[in-house]
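Results of the structural survey
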Amino acid sequence: MGLKLSILDQSVIAENETAFDAFNHTIDLAQKAEELGYHRFWVSEHHNTEKLAGSAPEVLIAHLLAKTKQIRIGSGGVMLQHYSPYKVAETFNVLASLSPGRVDLGVGKAPGGLPLSTKALQQEHAEKPKELWEKLVDLKKFVTDALEPYDPFYGLKAEPLPSTPPELFLLGASTSSAKLAGELGYSFVFAQFINSDERILNEAFDTFSHLQNRKKSQPISFILALSVVVADSEEEAKELVVNSKIVKVHLESGKTVTVGSEEQAELFAKQANEHYRIEIQEANILYGSKETVKEKLLHLQNLYDLEEVMIVTPVQNFEKRLKSYVLLSEAFSEISVPIK
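Only a predicted model underlies this, so the values are computations on that prediction, with no experimental measurement involved.

1. Examining the overall build of the chain
- Per the secondary structure count, the chain includes 11 helices and 12 strands.
- By its C-alpha atoms, the chain is 60 × 50 × 40 Å across when sized along the principal axes.
- Evaluated residue by residue, the chain yields a buried proportion of 50% over its 340 residues.
- Taking all contacts inside the chain whose residues are at least 6 apart in sequence as the whole, residues at least 24 apart take part in 74%.
- Summed over its atoms, the accessible surface of the chain is roughly 16,600 Å², and 52% of this surface lies on carbon and sulfur atoms.

Encoded structure:
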């Protein structure tokens, strides 16, 4: 079985660059990914984050669809806790109507920013907001036009209704996220680049696989998202990842959030107004020459019966990041999705 390769891009604003530069790198990378035969190209959602430009993935997706011809384009992901499921469904139905069969709607559970941006995004009305799982249920019904007579919005449609609805995914890094995806009939993307705990990954895979087998009528899949850096040599690849860290802030309330730096962790805790503990870990990055990386990815494919992996390449320099994706494609050239 071939392994499909996909990309998650975060529109990184590198040193001495602007958001304009970052978005143009994203466009260039999407076009190159299509040329190389990558299966999907997703963009992320982050708010009030100085070094990441992508605060409105739905806008960027529309632009990328217009700049490409066949590669699937999507969100990795829309932070649904902030938004109306009906509006999200309308937005992605418009995209799917403009580019039939090419649109993915990946949904994230995280806030995508610090507490202050969350507060600004969730300026509540009098009505109590729904739980995330309820929003996920509503979103799927709106996207698939499957509201039932007992639903309070029965008869409402998220127009326009595309010939092929957006494909739905839930992103997460825990067993509970995998369980939620399996129960609700969403494909699941496990973010190993955020949570590298092998025990959690195994539990999430087993939980989702069990629920997937119970829902054979729904074609849902398990995708592994991981950090990968490929270079001409092992030494060069190691040099590219040597300073990569994962920073987690553990709040007194029990919540744990992954952020981009120690400064962001401190700011998050300050805005949350809670006691906290910061944990800094070595980033879990699969790196090496293309032969080494291919061998490691094929091992993961066999271990988790994967059809697809979603690749994040945490290298600020765009030329080196692009080269990593080119080398990865070359490593899998005989099993990558062919360009039609």
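Having seen the model, we can carry on.
2. Some words on the confidence of the model for the chain
- Mean pLDDT over the chain works out to 90, with 95% of the residues at or above the 70 mark.
- Below a pLDDT of 50 lies the segment residues 335–340, which in the model reaches 16 contacts outside its immediate sequence neighbourhood of four places, other chains included.

3. Some words on the nonpolar core
- Ranked by size, the top nonpolar core spans 68 residues in total, and within it Phe41, Leu105, Leu136, Leu139, Leu226, Leu297 and Leu328 carry the most contacts.
- When residues of this core are assigned to their parent elements, the largest contribution, 6 residues, is made by helix H11 (residues 318–331).
- If we ignore the near neighbours within four places in the chain, the residues touching Leu136 are Leu80, Val107, Leu170, Leu180, Leu184 and Tyr186.
- The next biggest cluster of nonpolar side chains, apart from the first, holds 11 residues, and it includes Trp42, Val189, Ala225 and Val312.

What counts as what
- Residues numbered from 1 in each chain as written.
- Predicted model: local features only at pLDDT ≥ 70, side-chain atom pairs only at ≥ 80, totals over all residues.
- Heavy atoms only, no water.
- Helix = DSSP H or I, 4+ residues; strand = E, 2+ residues; numbered from the N terminus.
- Buried < 20%, exposed > 50% of the residue type's maximum accessible area, 1.4 Å probe, protein only.
- Contact = heavy atoms within 4.5 Å.
- Areas by Shrake-Rupley, 256 points an atom, 1.4 Å probe, with all protein chains shown as cover.
- pLDDT = per-residue confidence, 0-100.
- Core = buried A, V, L, I, M, F, W, Y, C linked by side-chain atoms within 4.5 Å.

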